[in-house]
Amino acid sequence: MSDLDDFKATFFDECSELLGELEEQFAAIEAGDRTANRLNAVFRAVHSIKGGGGAFGFVEMVAFAHAYETLLDHVRDGRIELSDPVTVLCIRANDLLADFVKAARTGASLGPGYGADERAQFDALTRGEPIGSHGGDAGGAPMDEFDIDFVPVMVDLAPSAAAAPAPAEDSFANLPLTAERGHWEIHFAPHSELYSRANDPLLLFRELGNLGELTVTAKLGEIPPLADFEPYGIYCSWELTLVSPTATAASIAEVFEFVEGNCDLSIALLAGANNPPAEPTLDELAALVMPPVADDGPGLSFADLAETLKTEAPVRAPAAAPILLRPAEPAPMSAAEESDADRRGGEADRRTAVQSIRVDLDKVDRVVNMVGELVITQSMLTQQMDDTLRARYQELVRGLEVLAQTTRGLQDAVMAIRAQPVKSVFSRMPRLVRDLAQKTGKKIKLETIGEATEIDKTVIEQLSDPLTHMIRNSCDHGIETPEARRALGKPEIGTIRLSAEQAGGNILIAVEDDGGGINRDRVLQVARDRLVIGPDQQLTEEQIDNLIFAPGFSTATEVSDISGRGVGMDVVLSNIKKIGGSVHVRSRTGQGTRMTLRLPLTLAVLDVMLVRVGPSPYVVPLSSIVETIQCSRADFGRAPSGAKVLRVRGEYVQVVDLAERFELTGGAELANRFVVLCEAEGGTKVALVVDDIIGQQQVVIKSLEENFESIDGIAGGTILGDGNVALIVDVQGLKAQKLHKNAA
Amino acid sequence: MRVLTVDDSRTILAMLHHTLSNAGFEVLQAEDGQKGLDVLATEAVDVVITDINMPVMDGIEFIKNVRASGQHNSLPILILTTETSQDKRDQGRAAGGTGWIVKPFDPEKLISVINRVVH
Amino acid sequence: MDSLAYKDDMSNGSQVNVQNSLQLIAFSIGEQTYGVEITTVREIRAWNGATPLPNTREYVRGVINLRGTIVPIFDLRARFGEGQTSPTKNHVVVVMSVGEKWVGILVDAVSDILTVSKDDIHAVPEGNTMDTELLNGIVTHESRMVGLIDLHAVVSGAKMDG
């Protein structure tokens, strides 16, 4: 029985998880979050405990879980309000459930009365009585008084060869020869639903054949002329004759259990008929009437069916012509009425189903892209309007304004189709934190805020890995061991807060922990050892913190296998950059670390400044631009290293001449060029020198990697109104590159 | 013969695995409907057994998605359910489920139900 | 990979038949003729400029807009180490697919569609490093030597190091 013991161990492991989950969910529910998802999670947890408990025959646990589940089901669909007293009752029930699990594990019995009072309250509530009305009289009510329609069965897991279903031949052999044989007449006409649910008449016949001697006749009268033949049309029905002393209407109906409502079915007993029908056998007939290609689709292949029908069927079918006796007793059991009801129900379903449709994501993306192009065309048109045109064509101006508005509205509406709550990603994190807490021996609580915040589906899909990494990082490097925390006078349980909020055109997602903060000495040491920075390079605290995202920097190898898996936080940065976002980290020694992802609401459209560098157009994301300055007025200087710097309001800013950096010959005199002052992550600035500023516009981001590869300093490309490609400047990348080069 | 089992309960997955592999099936596992779809996208299976109550994507959605793909029209899908109330079962059938198995299942019954829906 | 595939059929005589033949798009760089399998060619268009890409090799001419997607253009002359092409409106970009990606090759002119037998494909003679690196084989067609371009090799290593 060691298998069973293994399963039990698995089950109890799972129970602890589920009980933990219950606790967590109710903590949130108590705090006022009563969203359907929480209730569903609660329901599922109790349901799983019940299901597993049933498999092992833990009767008391199952009975209690069942009553609790029934209550939760009522709460879930709104029949019972989740008022404070009900919540309290549920939390009490969770404790009791934990007791039942514990008792099952230790083999102890809690006695039949345990939890009976709560169960009585569940029952009263599900009957519609207000909570508390039941009073104390229910104490000690025996469990069998409750209406349990769910019977726990102890499972014998040892394979039992003797009890394996007997093959058909045996059933024939075992038939008592002298017995009066029941002669059943079955009419069976499948509907198309039967095939679309992958039920197969041949299998039903095979099973019927296990009950006795079966004769199958296909009725082919419905087959239309070739011209009208539809490949998935249902043209075949069957008359079956079953001769069996043991079969009953119920045992025959059971064979058709799975197809009830998906076929016309009548089962009738022919009185006094005891002549076993002659050849052909079931197999021959089944092979005859069931085209072998039925495997490949819900319908029958035209070619095979036509072939079979033309040649063989009309000849052979009469040989097994059914006896057309319509007996008065017993009444034929008909599924016709039920299927009528089904059809009506189906119509109602269809009416509600119209409210949502399933659309291929590609189709939505095509619309998103086209709307993106439309927005750009519209802004181009608007830019073409100079004052003269405005004065002359006022109607046109008004038209363009309306167009602009409508286009924006259209854009929002389309993006809303793709938007999803971040919950789908956030929901994976509690388990991760639990696992990591267990592995590291730390105590960690995860709080999530703003799960309902919506963000583009593509962004969501790209979010899971970076978030996992950040949370691993917090669990592994951030939160201290319970002992260390105690010694520091912190609560033993560390907290990781995962939050999402919308801020303007961005979504901010933050992972914040109350751990020890980034160990800057250590980070600096590692960065120097790995030549991420030069040996003498002086960095601000913020710059040091951001080093953890630098390529080549990973402290994972020597720390543990948790955060690592061989990749560092630079993967987070590159993933986030890929979707047009940025990462910012802020850390306070001894107090914790906060990492913030700034993500675009949509991936489709970017507001940019269009500039010229040499002969080429470039665009700089407007969100990163602080100001633009004519070079003739800019206050350039030289840093001690000889590098060019710009003095802005008392601050020295690194200068990147794009013409130099991109090796483009400009030819413009410095005085006529421009500085585009940008803010990179962490609030540090960089001054880009460009040859000319052309204007502002919106662009659709296109990937360079789709057909080429990524290029340092370039975040992607875009197509301008004239059809030419402009490259998008990666401000953060340019800065990081500079830092790296100086070091080398 | 390959079976895909989809259930968020590790216990049930383990028990299905035990019973089915003893009966000579090759068993694939998925913890929710979404993962089940992922498996079906790359693996060929002969029959699917799925739970109804699951996070991320429940069994009903899973079945709908399998059928909607159009590539698994003849793949038998058995609904694994403790729901004795008809409605879950009916929803599962309406979504395209081939049949059902009531939890807790006994091994023989499980195999015999599978044999009812696969060749 | 492709070159291996070509050699597989060496045993089947020299007659050109459907199974054993290859259709090529032939194009010229100066006096040289090169070819690619016709099934990889997506489009042929006149040169209309490209946006230069920084930090790439000289044979990467830049990117163009091909119906909304960005496609890189490789200067085949420069790729063979014979200096950049000075393109005019008469120069031609052959757009083709390499694996999942689409790329354009800048050539002087597209000359012909050739049907050749796989058996007539010969290994690239040792000697010219560029040829052995960038060609899958050489085929003689009506006394013309046609170099079979290995697209994967042509587009690799386009980024500057560092």
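As shown above, the structure is provided for reference.
Fair warning: this is a prediction, and the values are worked out from it, not measured in the lab.

Engineer: Can you walk me through the interface of chain A and chain B in this structure?
Structural biologist: A common way to report how large an interface is uses the accessible area buried once the components associate. In this assembly, 51 residues from chain A lie in contact with 44 residues from chain B. Across the interface of chain A and chain B, roughly 4,000 Å² is buried in total on both sides, 53% from carbon and sulfur atoms. Three residues stand out in chain A for area buried against chain B, namely A:Arg44, A:Arg197 and A:Phe258, and they jointly supply 18% of the buried area on that side. Where chain A meets chain B, there are three salt bridges. A:Glu17 is the salt-bridge partner of B:Arg10, the closest N and O atoms lying 2.9 Å from each other. Inspection of the chain A/chain B interface yields 17 residue pairs in polar contact (both at pLDDT 80 or more). Looking at the side of chain A that touches chain B, the elements that each hand over two or more residues are α1 (2-30), α2 (36-56), α7 (192-196), α8 (201-211) and α9 (249-255) of chain A. Here the side of chain A that touches chain B gets nine residues from one element, more than from any other, and that element is α2(A). Among the residues forming the side of chain A that touches chain B, the class breakdown is 21 nonpolar, 11 polar and 19 charged.

Engineer: Explanation requested: the environment of A:Phe100 in the structure shown.
Structural biologist: Residues and elements named next belong to chain A. Mapped onto the secondary structure, Phe-100 falls in helix α4 (residues 84-106). What makes Phe-100 buried here is its relative accessible area of 3%. Put simply, Phe-100 and Val-62 are 38 residues apart on the chain and 8.9 Å apart in space, counted from C-alpha to C-alpha. Ignoring sequence-local partners within four residues, the contact set of Phe-100 consists of Glu-60, Met-61, Phe-64, Leu-110 and Tyr-114.

Engineer: Any chance you could explain the sheet that holds strand β9 (residues 121-122) of chain C here in plain terms?
Structural biologist: Hydrogen bonds along the backbone pair up the strands of a sheet, which may run parallel or antiparallel. Residue and element names in this part refer to chain C. One open sheet accounts for six strands, arranged β8-β1-β2-β11-β10-β9; its pairing is mixed. The open sheet has two edge strands with one neighbour each: β8 (109-117) and β9. In terms of strand pairing, strand β1 (residues 21-29) meets β8 through eight bridges, oriented antiparallel. For Ser-28, the partnering residue across the bridge sits in β8 and is Ala-109.

Engineer: Explain helix α20 (residues 464-478) of chain A here, please?
Structural biologist: Think of an α-helix as 3.6 residues a turn; residues three or four steps apart then line up on the same face. For α20(A), spanning 15 residues, the distance from its first C-alpha to its last is 20 Å, which sits close to the expected 21 Å at 1.5 Å a residue. Judged by how many residues are buried, α20(A) sits mostly within the fold: 13 of 15 residues are covered.

Cut-offs applied
Residues numbered from 1 in each chain as written. Chains lettered and ligands numbered in written order. Predicted model: local features only at pLDDT ≥ 70, side-chain atom pairs only at ≥ 80, totals over all residues. Heavy atoms only, no water. Contact = heavy atoms within 4.5 Å. Buried area = accessible area lost by both parts, 1.4 Å probe. Salt bridge = Lys/Arg side-chain N within 4 Å of Asp/Glu carboxyl O. Polar contact = N/O pair within 3.5 Å; in protein donor to acceptor, adjacent residues only side chain to side chain. Helix = DSSP H or I, 4+ residues; strand = E, 2+ residues; numbered from the N terminus. Nonpolar A, V, L, I, M, F, W, Y, C, P; charged D, E, K, R; others polar. Buried < 20%, exposed > 50% of the residue type's maximum accessible area, 1.4 Å probe, protein only. Pairing = 2+ DSSP bridges. Expected span 1.5 Å × (residues − 1).

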